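The primary structure of each chain is shown beneath.
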Amino acid sequence: MDEIARQIEPLIPGLRRYAFALTRDHEAADDLVQDCLERVVSRWHLRRRDGDLRAWVYTIQRNLFVNEYHRRRRRGVAVALEDACVPPVAPGQSQAVELGEVMAALDGLPEEQKSILLLVGVEELTYQETAGVLGLPLGTVMSRLSRARARLRALLEPERAMPLRRVK
Amino acid sequence: MSDPTPIGEDDLQAFIDGRLGEDRLAAVEAWLADHPQRARDIGRERAQRDALRAALAAKAAEPIPARLRIASIRASRRSRLTLVLRNLVAGLALVTLGAGGGWLARGDARSVTAPATQVTRDAVAAHRIFAVEVAHPVEVPAREEAHLLRWLSKRLGRELAAPDLAEFGFHLVGGRLLPAEADAAAQLMYEDAGGRRLTVYVRAGAPGETAFRFWQDGAVASFVWLDQGYGFAVSAEAGRDQLLPIAETVYNALDGKSANAGDVKS
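Residues numbered from 1 in each chain as written. Chains lettered and ligands numbered in written order. Predicted model: local features only at pLDDT ≥ 70, side-chain atom pairs only at ≥ 80, totals over all residues.

## Quick word on the overall build of chain A
Counting its regular elements, chain A contains 9 helices and 0 strands. Going from the N terminus to the C terminus, chain A shows its helices and strands as α-α-α-α-α-α-α-α-α. Residues classed as buried in chain A amount to 41% of the 168 residues present. Here the analysis covers contacts within chain A between residues at least 6 apart in sequence; of these, 60% occur between residues at least 24 apart. (Helix = DSSP H or I, 4+ residues; strand = E, 2+ residues; numbered from the N terminus. Buried ≥ 20, exposed ≤ 12 C-beta atoms within 10 Å, placed from the backbone. Contact = placed C-beta atoms within 7 Å.)

## Focus on the sheet that holds strand E4 (residues 197–203) of chain B
For sheets, the rule is that strands pair by backbone hydrogen bonds, running either parallel or antiparallel. Residues and elements named next belong to chain B. The antiparallel open sheet is built from 7 strands, whose spatial order is E1-E2-E3-E4-E7-E6-E5. Two strands bound the open sheet, and with one partner strand each, they are strand E1 (140–141) and strand E5 (213–217). Bridge analysis of strand E2 (residues 170–180) against strand E3 (residues 183–192) gives 10 bridges, and the strand direction is antiparallel. For His171, the partnering residue across the bridge sits in E3 and is Glu191. Contacting E2, E3, E4, E5, strand E6 (220–227) and strand E7 (230–236), helix H5 (residues 115–131) crosses the sheet at an angle of about 140 degrees to E6. Helix H6 (residues 145–156) rests against E1, E2, E3 and E4 of the sheet, and its axis sits at about 30 degrees to E2. (Pairing = 2+ DSSP bridges. Axes fitted to C-alpha atoms, helices over the stretch in contact; angles between N-to-C directions.)

## So, helix H5 (residues 99–107) of chain A
Along H5(A), the residues that are buried comprise A:Leu99, A:Val102, A:Ala105 and A:Leu106. Buried residues of H5(A), seen end-on, are gathered within an arc of 120 degrees and therefore sit on one face of the element. Buried residues belonging to H5(A) abut helix H2 (12–23), helix H6 (111–122) and helix H8 (138–156) of chain A together with helix H3 (36–61) of chain B. (Arc of directions from axis to C-beta.)

## Re the confidence of the model for chain A
All names here are of chain A. With 76% of its residues at a pLDDT of 70 or more, chain A has an overall mean of 80. The low-confidence segment residues 74–95 (pLDDT under 50) makes 25 contacts with residues lying over four places distant or belonging to another chain. Taken as a whole, residues 160–168 scores under 50 in pLDDT and shows 6 contacts with residues more than four places along the chain or in a different chain. (pLDDT = per-residue confidence, 0-100.)

## Side note on the packing of H8(A) against H3(B)
With their axes 10 Å apart at the nearest point, H8(A) and H3(B) run at an angle of 90 degrees to one another. With respect to H3(B), the element H8(A) is oriented roughly perpendicular. In contact with A:Arg149, A:Leu152, A:Arg153 and A:Leu156 of H8(A), H3(B) contributes B:Asp41, B:Arg44, B:Glu45 and B:Gln48. Residues of the contact of H8(A) with H3(B), tallied by class, amount to 2 nonpolar, 1 polar and 5 charged. (Parallel < 35°, antiparallel > 145°, perpendicular 65-115°, else oblique. Nonpolar A, V, L, I, M, F, W, Y, C, P; charged D, E, K, R; others polar.)

Okay, here's the thing in structure tokens:
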């Protein structure tokens, strides 16, 4: 197996998960990952050899999403929300957060907050890596992470979410 | 508590993520014990982080599609690049105008294309369709030039002149109105003595302002620019150097006309 494949393929499951969480569409997610991988291959010689490969690849994918896919979505192309790969949850789990609910709440956040929650909480990038992907100083990442989590929590708490959802 | 540093947001976040060292962990736990409200919130945020991870776990567990293997990416790269360059018209791929520099959009990304990209695609497509037309290359012929320009000006909301391209050997054949999504576009067609055709495309509803951009799509070359809410393109089967002075002449002939949309001559 060649060097790029050896180093990059282990990242693909995570890249697909991140792409899916952003696009909420399986096909669009794989398109995004494919675009990302093409860039990785074509710019392989440009990567910093002493740098963090994972952060570099996630940065490419995130920028692609922000620059294009995100814009497409804002312009109203249908996104198959019902097509989420959320496993069914048994009803009556009052304590546990329902999985479908948390995805729906995530959808309600701006892209940067989404990415912060996903990169740190799901992809398990270090805070430093996350700062690199988002192009923010470390301290800013920490406060935005704090804000994003508080926002998600508010969306998932009915008593606080009410005013946010009211449409008049 | 061995670490006297005050507890910060960053500690609480690292606590949620289980990334605290032992000393700091003890300090944060002690702090949380004194702040039950905050402790409750932190507990929920941790559960939500876990829920998010669980909701997405199935995606990462899927086998990766063959098309995403690096070997497939390598194999398709060359053909894709060729395809991308060849299929400008089909809207397969264009460089967008983001400040960060272009990247190659792909797939059926019709709706994501930036205004100049759209103008290019539409202009080149219109050129290809009508430049080869023998029986009906234009809707209104050049002998009705005044009527043609009045009509197109009205529909575009902008005074449209027919640039004089005689010095390049091209004379006006006529023009037509074209749809451009929700807006109107006009195509003026020129022809030289050898029967070679050149089109000038003007489209409303193209916000932004750009310098000249050159596109080569197969044999068809275009110069495209955006100005004052309109997109412009000059296309012909010509080389870059040959087309550039023509495009400049067209630019000068059409420049600043949009401000006079209100007083279109009738």
